[in-house]
2 protein chains.
Amino acid sequence: MGYSEKDLLEHLKEISLLNETIGLAHWDMTTGMPDKANEQRGEMIAYLSGLSYELNFGEKMTDLMTYFEDRTNELSVLAQQAYEVAKKEFDLNHKIDKESYLGFQKALTQAHGDWVTSRESKDFNDFKASLSELIQYTKQFIPLWKKDEVTPYDVLLNQYEPGMTVEKLDEVFKTLRTGIMEIREKIASEGVVPRTDFLYRHVSKEQQRQFVEKVIADLGYDLSRGRLDDTIHPYELTLNQNDVRITTRWAEEDFQMAVLGTIHEAGHGLYEQNINSEFAYTPLASGASMGIHESQSLFNELVVAGSENFWKRQYPVLQDITGETFEDIDFETFYRGLKQSQASLIRIEADSLTYPLHIIIRYEIEKMIFNEEVAVEDLPTIWNDKYEEYLGIRPENDLEGILQDSHWSGGSFGYFPSYALGYMYAAQLEHAMNKEIDIQTTLASDDYSAIIEWNKHHIHQYGASKKPNWLIKQATGEDLNPNYLLTFLKNMYYSAYQIEA
Amino acid sequence: MGYSEKDLLEHLKEISLLNETIGLAHWDMTTGMPDKANEQRGEMIAYLSGLSYELNFGEKMTDLMTYFEDRTNELSVLAQQAYEVAKKEFDLNHKIDKESYLGFQKALTQAHGDWVTSRESKDFNDFKASLSELIQYTKQFIPLWKKDEVTPYDVLLNQYEPGMTVEKLDEVFKTLRTGIMEIREKIASEGVVPRTDFLYRHVSKEQQRQFVEKVIADLGYDLSRGRLDDTIHPYELTLNQNDVRITTRWAEEDFQMAVLGTIHEAGHGLYEQNINSEFAYTPLASGASMGIHESQSLFNELVVAGSENFWKRQYPVLQDITGETFEDIDFETFYRGLKQSQASLIRIEADSLTYPLHIIIRYEIEKMIFNEEVAVEDLPTIWNDKYEEYLGIRPENDLEGILQDSHWSGGSFGYFPSYALGYMYAAQLEHAMNKEIDIQTTLASDDYSAIIEWNKHHIHQYGASKKPNWLIKQATGEDLNPNYLLTFLKNMYYSAYQIEA
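Residues numbered from 1 in each chain as written. Chains lettered and ligands numbered in written order. Predicted model: local features only at pLDDT ≥ 70, side-chain atom pairs only at ≥ 80, totals over all residues. Heavy atoms only, no water.

### Details of the relation of the copies chain B and chain A
- Structural alignment of chain B on chain A gives an RMSD of 0.0 Å, achieved by rotating through 180° and translating 0.0 Å along the axis. The transformation relating the two chain copies, once decomposed into turn and shift, fits a two-fold axis.
- Mapped onto chain A, 100% of the interface residues of chain B are again interface residues, and the two copies thus contact each other with one and the same surface. (Least-squares fit on C-alpha atoms with pLDDT ≥ 70 in both. Contact = heavy atoms within 4.5 Å.)

Take a look at the structure:
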């Protein structure tokens, strides 16, 4: 039987609409669904996942993927690109039988519920069984996913960042860790520790919301095509280009968390909103990789919200919204306070300097899970030991430790390194952008559009139509280079800690 | 090919899960979806509606409905009841071709968007084309829906309230209208008009929310199996028995609207939460009819929130939450103020005495649309003329007039009379309940469970497994009788207006 381009695009549109539906079910589950509806929502998502399996790996999709394998020349450029991305996903998963696929989807829902429960009890034991099940499923899938990767964990890394390996990451993370340790030692021995008490003054949720909605709009995130909600673990979720949702967690005695968190998620949102609209309803309408996605959220968090010039404009706005709260805090004190670096237990509250260490810990543990034989019940102790070794502090309970992240409960093993890649990409993009645009002058102005447009032009517009390494090389003229990040961090922290470079 | 009960119940469960998904998409669309995502949401709902059509009227369903037609004796009692409800719905709609069905779903999404737009412009012209399209579709469907009904509009009435006809309603509404007019004349000539200025004092949304969440919990609505959100037009929507959502619209200078509105919607929610849980994932897990559903919301609004004893307990709570706002208003003044009756333009803001007149107007217009030939562009004038005739006031724009309700934009023609039936059923239930339970003493106490349990026992638990007339006769010992409502309204309003009965 023959197929036309229209058949292919219509099928991909159905997949896209069903993904959107499942996305909405997940968003709702994490932003206010009634407590007791978890089991029923599991049934709904299991049902939709069954439909999704059929669309993604059933007869029609198999026929379409086979038919066009030697006929991509019959397709328009856009349809060719869409076919390639769809084919890659198809090849990855069509070997998984439907029973395992649906079992995994159901295990994910169970794991989300157990993770929430275990956070309440602060006890890893309430999550252990679910986590083991997800690990078992993943180990069962790895041989089916494997192409030419060397180790099992390489297979997982490759899914989030094509071409990434344990060999490369071991080296890059060694450079990063050493460099960060040097900076930490230098500021500990020579730096003037910034004053930070005022960062914990009460700022109401409403005040924070007013401020961040203004800031993320300035940064190009379009709230008429998105929304900002409350959740436990912040994320960005795209239903479609006109419905790109971000979430945050507010702490009234620690306004930084939601302010920086929202600026971060808005970076993800901005990326999705700016993808070429012709890619709508195809698999091209998403990011190029998790690492590239993080480069955009971290560009916002690190380059923009890490900049003294940015805060020179925005601090008066915050002061205005918060009344007398920061009346006695001058700009220099405020900015240096923001740049304080301190070992902390919670990744999403970590400063930019220590953050990569949190990632390295998770990377090493994931490597142990998939490349070595480690007992799941030993993981909390391993986690705590590594925090003590790398950051000098030890969690007092599992909520401060291994239960803090949602990734594993979502079955996302191999995702964490993307954050560190995002840091390195962001600094590398900043270096390249600065050759064409005076970033600091732009951030000192009331119009950030030059920066937004540069990222849109070099990264956003392409969606998933290009590979990460193509994008980085095209945008910066070279491959991934971790030294830009170390230089960036040195400049920022030495200045905040009043150290001569 | 043979089928088992399991096959039937599994198919009905799929339908139920897909309905839940579509329900979530609608809920989200009306409670905060980004403004610009309307078109995309239309695509999503159209896709899901296509799946729904296939499940409800496709080959599998046709086979199942045919197979069990003469074999209901092979089924358990529950499956028999579920089959009967499903078969009725199947017979109603399977004659509609898929193209028309999907076209109608798409027209509904368009109409919702146009209705929202027209409310902003206050101009019926922005909604006219959509409304005409929905009317045309409905007129096209009526011959397919028709069984033994006499007039086209009877066909619509029968869908919401089985057995209801224009002939019956014309008579009942004549009795109601005459009776209400007499009460209105009497309180106008002999009554002491209550003081009401304090009803428009500022009560913040947060204060209102705190109060109503307490009240609806007292009344048995379980917020751990539900949630309360903001919308333009309030409604209750059941995803499943553990996820029964209600919505409201807050007015800070008119707290009555959201307070009474939420108590009303909680009555719907309570009904759905109390349906026999064995009915889950079958068509039995819903109300018996729209009229019966309204009897439960209106029982809350009319019998409970209309009671002096209820407010004797709840007014001090409201006073406590609102600080000094009502410090100078004694209980008698407060309660009489709530009971003021005044002609108004907006149905959902109307008091219990004038409310049925708003319904009679809509009933007469719907009858004109489907049983006579009336031009859609003439409807705003007809609407306004009727308000002038029955209530003595005339809308100044379409937002105050024909654009106020969401029902027509949702394709629900023939629904409005359910509200008036709900009033009559509620008063009739109150009369019967009072023979077994001293309602006023219960409302004066801090435990309403006797009332909640009576309604649960006589109405809620049955879900859709029984017909409206069976329920009313079983609960009250007689068929629908409009005189209980007139007696109830007389007692309530004569007392509030200090008239000797």
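### As for the UniProt feature "binding site: Zn(2+)" (unreviewed entry) in chain A
All names here are of chain A.
- The UniProt record annotates "binding site: Zn(2+)" (unreviewed entry) at His264, His268 and Glu294. Of the residues just listed, which span 31 residues, no C-alpha pair is farther apart than 8.7 Å, and they cluster in one region.
- Relative to the elements of secondary structure, His268 occurs in helix H10 (residues 255-273).
- Setting aside anything within four residues of it in sequence, one finds His268 in contact with Glu236, His293, Glu294 and Ser297.
- Structurally, Glu294 is set in helix H11 (residues 290-304).
- Judged by relative accessible area, Glu294 falls into the buried class, the value being 1%.
- Not counting chain neighbours up to four residues away, the residues in contact with Glu294 comprise His264, His268, Phe299, Tyr415, Ser418, Tyr419 and Gly422. (UniProt positions renumbered as here; feature names shortened; annotations may be inferred. Helix = DSSP H or I, 4+ residues; strand = E, 2+ residues; numbered from the N terminus. Buried < 20%, exposed > 50% of the residue type's maximum accessible area, 1.4 Å probe, protein only.)

### Concerning the pairing of strand S3 (residues 243-248) of chain A
Residues and elements named next belong to chain A.
- Within S3, six of the six residues are buried, which leaves the element mostly enclosed by the surrounding structure.
- Residues Asp243, Arg245 and Thr247 point to one face of S3 and Val244, Ile246 and Thr248 to the other, with burial holding for every one of them.
- With five bridges connecting them, strand S1 (residues 226-230) and S3 associate as parallel partners. Its bridge partner lying in S3, Asp230 is registered against Thr248.
- Alignment of strand S2 (residues 236-240) against S3, held across four bridges, turns out to be antiparallel. Bridge pairing in S3 links Asn240 to Asp243. (Pairing = 2+ DSSP bridges.)

### A look at the environment of Glu149 of chain A
Residues and elements named next belong to chain A.
- Along the chain, the position of Glu149 falls in the loop between helix H6 (125-145) and helix H7 (152-160).
- In this structure the C-alpha to C-alpha distance between Glu149 and Asp398, which are 249 residues apart in sequence, comes to 33 Å.
- The contact partners of Glu149, leaving out residues within four places of it in the chain, are Asp154, Val155 and Asn158.
- A distance of 2.9 Å separates a polar atom in the side chain of Glu149 from a polar atom in the side chain of Asn158. (Polar contact = N/O pair within 3.5 Å; in protein donor to acceptor, adjacent residues only side chain to side chain.)

### As for the domain arrangement of chain A
Residue and element names in this part refer to chain A.
- Domain assignment breaks chain A into domain 1 (5-149) and domain 2 (166-496).
- Summed over both sides, the interface of domain 1 with domain 2 buries roughly 3,300 Å², with 70% coming from carbon and sulfur.
- Three residues stand out in domain 1 for area buried against domain 2, namely Trp27, Arg119 and Phe124, and they jointly supply 21% of the buried area on that side.
- Applying the counting criterion to the domain 1 and domain 2 interface returns zero salt bridges.
- Here domain 1 is connected to domain 2 by nine residue pairs in polar contact (both at pLDDT 80 or more).
- Breaking the side of domain 1 that touches domain 2 down by element, the ones donating at least two residues are helix H1 (5-30), helix H4 (77-93), helix H5 (98-121) and H6.
- It is H1 that contributes the most residues to the side of domain 1 that touches domain 2, eleven residues altogether.
- In terms of residue class, the side of domain 1 that touches domain 2 is built from 20 nonpolar, ten polar and seven charged. (Domains from an automatic or database assignment. Buried area = accessible area lost by both parts, 1.4 Å probe. Salt bridge = Lys/Arg side-chain N within 4 Å of Asp/Glu carboxyl O. Nonpolar A, V, L, I, M, F, W, Y, C, P; charged D, E, K, R; others polar.)

### Side note on the pattern of salt bridges
- Taken as a whole and judged by the stated rule, the model has 48 salt bridges over all chains.
- The partner of Arg245 of chain A in a salt bridge is Asp243 of chain A, and the shortest N-O contact between them spans 2.7 Å. Both residues of the pair, Arg245 of chain A and Asp243 of chain A, belong to the buried class.
- For Lys87 of chain B, the salt bridge is made with Asp91 of chain B, and the minimal N-O distance between the two is 3.1 Å. Of this pair, Lys87 of chain B and Asp91 of chain B are both found in helix H4 (residues 77-93), four residues apart, which corresponds to roughly one turn of the helix.

### Comments concerning the interface of chain B and chain A
- Contact residues are listed per partner, giving 36 residues for chain B and 36 residues for chain A.
- When chain B packs against chain A, the two sides together hide about 2,900 Å² of surface, and 57% of this comes from carbon and sulfur.
- At the junction of chain B and chain A, the tally comes to six salt bridges.
- Arg41 of chain B is the partner of Asp243 of chain A in a salt bridge, and the nearest nitrogen-oxygen pair spans 3.6 Å.
- Across the chain B-chain A interface, the total number found is eleven residue pairs in polar contact (both at pLDDT 80 or more).
- Here the side of chain B that touches chain A gets ten residues from one element, more than from any other, and that element is helix H1 (residues 5-30) of chain B.
- Class assignment for the residues of the side of chain B that touches chain A results in 15 nonpolar, eight polar and 13 charged.

### Description of helix H16 (residues 417-436) of chain A
- Helix length check: H16 of chain A (20 residues) gives 29 Å between terminal C-alpha atoms against 28 Å at 1.5 Å per residue, within 8%.
- For H16 of chain A, a buried count of 16 out of 20 residues is recorded, marking the element as mostly surrounded by other parts of the structure. (Expected span 1.5 Å × (residues − 1).)

### Things to note about the nonpolar core
- Counting 340 residues, the largest nonpolar core has Phe310 and Trp311 of chain A together with Phe310 and Trp311 of chain B as its most contacted members.
- Counting only domains with at least three residues in this core, you end up with domain 1 (5-149) and domain 2 (166-496) of chain A.
- Other than its neighbours up to four places away in sequence, Phe310 of chain B contacts Val215, Leu219, Ile263, Val304, Ala305, Leu443 and Tyr448 of chain B. (Core = buried A, V, L, I, M, F, W, Y, C linked by side-chain atoms within 4.5 Å.)

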